[in-house]
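Read off the chains here:
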Amino acid sequence: MSTTAAPPSATVTDIELAIGGMTCASCANRVERKLNKLDGVTATVNYATEKARVNAPEGIDPALLVAQVEAAGYTAELPRPAAAEPTAGAGGEPDPTRPLRDRLLTSVALSVPVIAMAMIPALQFTHWQWISLTLAAPVVVWAAWPFHRAAWTNLRHGAATMDTLISMGTLAAFAWSLYALLFGTAGVPGMTHPFELTVAPGDGAANIYLEVAAGVTTFILAGRYFEARSKRRAGAALRALLELGAKDVAVLRNGTETRIPTDQLVIGDRFVVRPGEKIATDGVVEDGASAVDASMLTGESVPVEVRSGDTVVGATVNAGGRLVVRATRIGADTQLAQMARLVEDAQNGKAAVQRLADRISGVFVPIVIALAAATLGFWLGAGAGAAAAFTAAVAVLIIACPCALGLATPTALLVGTGRGAQLGILIKGPEVLESTRRIDTVVLDKTGTITTGRMELVEVHTTEGTDEAEALRLAGALENASEHPVAAAIARGATERVGDLPAVEDFVNVEGLGVQGVVDGHAVLAGRTALLEQWSRPLPAGLATAKVAAEERGRTAIAVAWDGAARAVLVVADSVKPTSAQAIAQLRGLGLTPVLLTGDNAAVAATVAAEVGIDPGPDTVIAEVLPAGKVDVVKRLQSEGKVVAVVGDGVNDAAALAQADLGLAMGTGTDVAIEAGDITLVRGDLRAAADAIRLSRRTLRTIRGNLFWAFAYNVAALPLAAAGLLNPMIAGAAMAFSSVFVVSNSLRLRGFHSINR
């Protein structure tokens, strides 16, 4: 198809469209194929986020893209200006899943008695069939309306999806039941569905299929409702990212502080950041010195020391003194906003996931429709009469209608995810399960995933004759007066080992070097060696060696001196979780290659990798990587043909979690990581990652088995239906048996156990 050139003002190279009207993954594929028919256009449609990412040549009119989508029977909208974007939750934004929920609840209430009366002869009282008709009519007409509407839209554009089969099957069952009640013998008082398993042709005048029409509608609505709930959360990662930033800021104007909303900042504004506050936007420090906790954005476990002239990033936390910062980037240009775009790009860049039922329906639906038409034509041509011919054709549609198929995915997913929740594993949706089957590489964040993510006192080195407890008591008391995170780790470690700490007098924070004060009459220094050297307290050889060894392993060493001499070196580090090494071994046992990915330096990465059993090497231990770099690493591994899982817990991992084929977020981490991941590990134990992959793979196998048998029962009965030999008891028994089998097979997932218990 040719494209028409557009005026320069309308040209685009990369554009995003919001797509409406899609009801299944095959709809997304249809929109994608339609867009890709345009010359030079490459489009990817994401069913989960209902967005299309289109790369188009210069000169194409965006309106042409919209028209192409509408020609396929769906709606499309061009991006609106930022000012026109609605505020999340503003004005009590309605729940888009509520109409589906209302239809589902109504359908359940009305369908249960219909199914019960049809399947239990004892409930078939006089005129029961008319009560069934009264209850089933709203289900088929109103509750199933989304399926009928989608089927009509597809029909107008020459397409057939699972909606087509659901709509045709339910309407055929209902229409024939109505015919049998009004013009046949099914409406006579005392009519029952007899327990006869005989195979004999009939004209269908006494058969009603209202339980099929109502039951199928209810089962499929249940699946669509849970799917809609999952889709609604698709943008939560982006919202959580943007909510990380400071909401207001103290700006210095005319020598006074004025608190204003952050979005009113302009480049060049000077603002104050007090200890414990978030930095409002990216900028340069003009006055003051402090330690800034940037772990949420960079993954660095050690706070970064900043002073005048250093750059700082918005949404990081000032952990020390007062800072005056000049804003250099605001709004969409900040690093936080760029990370939000990374997450969105990664989510939209995922290949559209096709549900197994939709994949099969692409072939199954046209075959069933063709078989029903052929059956009608054959019996009419054979002179069997219009009633018998139509009965056989309708029977084909009814037996093919996916009753057990409606249960196949939801029941296995319900049992599997329920069992996962009991084990601290939250699986977001059925599309996640397909990814777990193909994973061969697992990329592990270091801070908060393999390690605890909190600085801890790990080593104490003292000179000969110096009591370790005394060193901890004096240093801990001095550091307890400081707000620095490293000092807090020392004070916490000292308290755990020696108990209550004494008070400190004459405390002084020496900018960028350390702290000094008097504890129990001892003049104590703690910090960098430069601080001790200012007081002529050099480290003796043994302590200097211990300090160098610790720093070579990427740890932080604090020198301590009192009573005129350097007497101790305290080593602080982010310690490895006790279960991490076992978790790595379990992941290897699942056939996965573990890769360590961290924003920390190479020394830290190598030390941690050796401790937990990750093979050393440039492809398995990757250090000093920023958030955008993490996404690039995942993309590189994917380009090499690897199917990648990412396990992380921080904001800095969110984009990588979204880009990965499978994202596993530690539940002890940030909301952003949890929302961007496909699976949440509530316990914060890395061993849960292995359990999650095992459970997901087993749940997927169960779903595949359910789908196979659900289709197998339908396909096995199709020849009987086409031959006109299907009576209501056989149809009901086959459908009930297939449903019972699917449910029973799914319930086997309750027996899944963690290998760690």
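- Per an unreviewed UniProt entry, the recorded name for the protein is Copper-translocating P-type ATPase, and the organism is Pseudonocardia acidicola.
- Quoted verbatim from the Subcellular location (unreviewed entry) field of the UniProt record, the comment on the protein reads "Cell membrane".

## A few points about the overall build of the protein
Working step 1: Counting its regular elements, the protein contains 26 helices and 26 strands.
Working step 2: Per-residue burial for the protein yields a buried fraction of 52% across its 757 residues.
Working step 3: Considering only contacts in the protein between residues 6 or more positions apart, those separated by 24 or more positions represent 71%.
Working step 4: For the protein, the exposed area adds up to about 31,700 Å²; of that, 58% sits on carbon and sulfur atoms.

## A short note on the packing of aromatic side chains
Working step 1: Applying the stated criterion across every chain yields a total of 3 aromatic pairs.
Working step 2: Ring geometry for Phe378 and Trp379: centres 5.3 Å apart, planes at 80 degrees, overall edge-to-face.
Working step 3: With relative accessibility at 54%, the residue Phe378 sits in the exposed group.
Working step 4: Of the aromatic side chains, those joined through ring pairs into one cluster are Trp176, Tyr179 and Phe183.

## Some points on the UniProt feature "transmembrane region" (unreviewed entry) in the protein
Working step 1: Mapped onto this numbering, the UniProt entry gives "transmembrane region" (unreviewed entry) at residues 104–122, 128–145, 165–188, 208–226, 360–380, 386–409, 706–723 and 729–747.
Working step 2: With 84% helix and 0% strand, the stretch residues 104–122 has end C-alpha atoms that lie 27 Å from each other.
Working step 3: With 75% helix and 0% strand, residues 165–188 has end C-alpha atoms that lie 31 Å from one another.

## Here's the deal with the side chain of Asp282
Working step 1: Tracing the sequence through the fold places Asp282 in strand β8 (residues 282–287).
Working step 2: For Asp282, a relative accessible area of 2% gives the class buried.
Working step 3: Of note is the side chain of Asp282, whose polar atom sits 2.7 Å from the backbone nitrogen of Gly314.
Working step 4: Among residues more than four places away in sequence, those in contact with Asp282 are Val312, Val313, Gly314, Arg326, Ala327, Thr328, Arg329, Thr334 and Gln335.

## Regarding helix α5 (residues 145–156)
Working step 1: In this model α5 runs 17 Å from its N-terminal to its C-terminal C-alpha over 12 residues, within 8% of the 16 Å that 1.5 Å per residue would give.
Working step 2: Looking only at α5, the buried set comprises Pro146, Phe147, His148, Ala150, Ala151, Thr153 and Asn154.
Working step 3: Of the residues one or two after α5, Gly158 is the one with positive phi, at around 70 degrees.

## Description of the sheet that holds strand β5 (residues 248–253)
Working step 1: Reading across from one edge, β6-β5-β7-β13-β8-β11 is the order of the 6 strands in this open sheet, with antiparallel pairing throughout. The sheet is open, and its two borders are formed by β6 (256–261) and β11 (311–312), each paired with just one other strand.
Working step 2: Pairing of β5 with strand β7 (residues 270–273), which is carried by 3 bridges, proceeds in the antiparallel orientation. Each bridged residue has a counterpart across the sheet, and for Val251 the counterpart in β7 is Phe271.

## Remarks on empty space enclosed by the protein
Working step 1: Applying the stated criterion across every chain yields a total of 2 cavities of 30 Å³ or more.
Working step 2: Roughly 40 Å³ of internal volume is contained in the second largest cavity.
Working step 3: Lining of the second largest cavity is provided by Val443, Leu444, Asp445, Leu597, Lys630, Val646, Val647, Asp653 and Ala656.
Working step 4: Where the lining of the second largest cavity is concerned, the elements lending two or more residues are β15 (441–445) and β24 (644–648).
Working step 5: Sort the elements by how many residues they give to the lining of the second largest cavity and β15 lands first, with 3 residues.
Working step 6: For the lining of the second largest cavity, the per-class residue count stands at 6 nonpolar, no polar and 3 charged.

## Regarding the side chain of Lys547
Working step 1: By the element assignment, Lys547 lies in helix α19 (residues 541–552).
Working step 2: Lys547 gets classed as buried once you look at its relative accessible area, which sits at 13%.
Working step 3: Every residue in contact with Lys547, bar those within four places of it in the chain, is listed here: Thr529, Leu539, Ala557 and Val569.

## Digging into the pairing of strand β17 (residues 504–510)
Regular strands place their side chains on alternate faces of the sheet.
Working step 1: Judged from the 5 bridges that link them, β17 and strand β18 (residues 514–519) form a sheet pairing that is antiparallel. By the bridge assignment for β18, Val508 is matched with Gln516.
Working step 2: Two successive antiparallel strands, β17 and β18, enclose a turn made up of 3 residues, where Gly512 displays a positive phi of approximately 75 degrees.

## Side note on the pattern of salt bridges
Working step 1: The final tally for this structure, using the stated rule, is 20 salt bridges.
Working step 2: In this structure, the salt-bridge partner of Arg259 is Asp248, at a minimum N-O distance of 3.0 Å. On the criterion of sequence distance, the pair formed by Arg259 in strand β6 and Asp248 in strand β5 is long-range, its members being 11 residues apart.
Working step 3: A residue is classified by how much of its surface remains accessible, and Arg259, at 44% relative accessible area, is partly exposed.
Working step 4: Residues Arg274 and Glu257 are paired through a salt bridge, measuring 2.9 Å at the closest nitrogen-oxygen approach.

## A short note on a nonpolar patch on the surface
Working step 1: Residues Met119, Ile120 and Leu123 make up a contiguous nonpolar surface patch of roughly 230 Å² in combined accessible area.
Working step 2: The topology assignment puts Met119 in helix α3 (residues 98–119).
Working step 3: On the basis of relative accessibility, which here comes to 33%, the residue Met119 falls in the partly exposed class.

## Topic: the sheet that holds strand β9 (residues 290–293)
Working step 1: Taken in spatial order, the 3 strands line up as β10-β9-β12 in an open sheet, and their pairing is antiparallel. Unpaired on one side and paired on the other, β10 (304–306) and β12 (317–318) mark the two borders of the sheet.
Working step 2: In this sheet, β10 lies alongside β9 in antiparallel orientation, the contact comprising 3 bridges. Paired with Val292 across the bridge in β10 is Val304.

Rules used throughout
Residues numbered from 1 in each chain as written. Predicted model: local features only at pLDDT ≥ 70, side-chain atom pairs only at ≥ 80, totals over all residues. Heavy atoms only, no water. UniProt positions renumbered as here; feature names shortened; annotations may be inferred. Helix = DSSP H or I, 4+ residues; strand = E, 2+ residues; numbered from the N terminus. Buried < 20%, exposed > 50% of the residue type's maximum accessible area, 1.4 Å probe, protein only. Contact = heavy atoms within 4.5 Å. Areas by Shrake-Rupley, 256 points an atom, 1.4 Å probe, with all protein chains shown as cover. Phe/Tyr/Trp six-rings, centres within 6.5 Å; stacked < 30°, edge-to-face > 60°. Polar contact = N/O pair within 3.5 Å; in protein donor to acceptor, adjacent residues only side chain to side chain. Expected span 1.5 Å × (residues − 1). Pairing = 2+ DSSP bridges. 1 Å grid on protein atoms, 1.4 Å probe; cavity = no way out; pocket = protein on both sides within 12 Å on 5 of 7 lines; lining within 4 Å. Points joined across faces, edges and corners; volume = space filled by probe spheres on them. Nonpolar A, V, L, I, M, F, W, Y, C, P; charged D, E, K, R; others polar. Salt bridge = Lys/Arg side-chain N within 4 Å of Asp/Glu carboxyl O. Patch = residues over 30% accessible without salt bridge, like charges linked within 9 Å, V, L, I, M, F, W, Y side chains within 5 Å.

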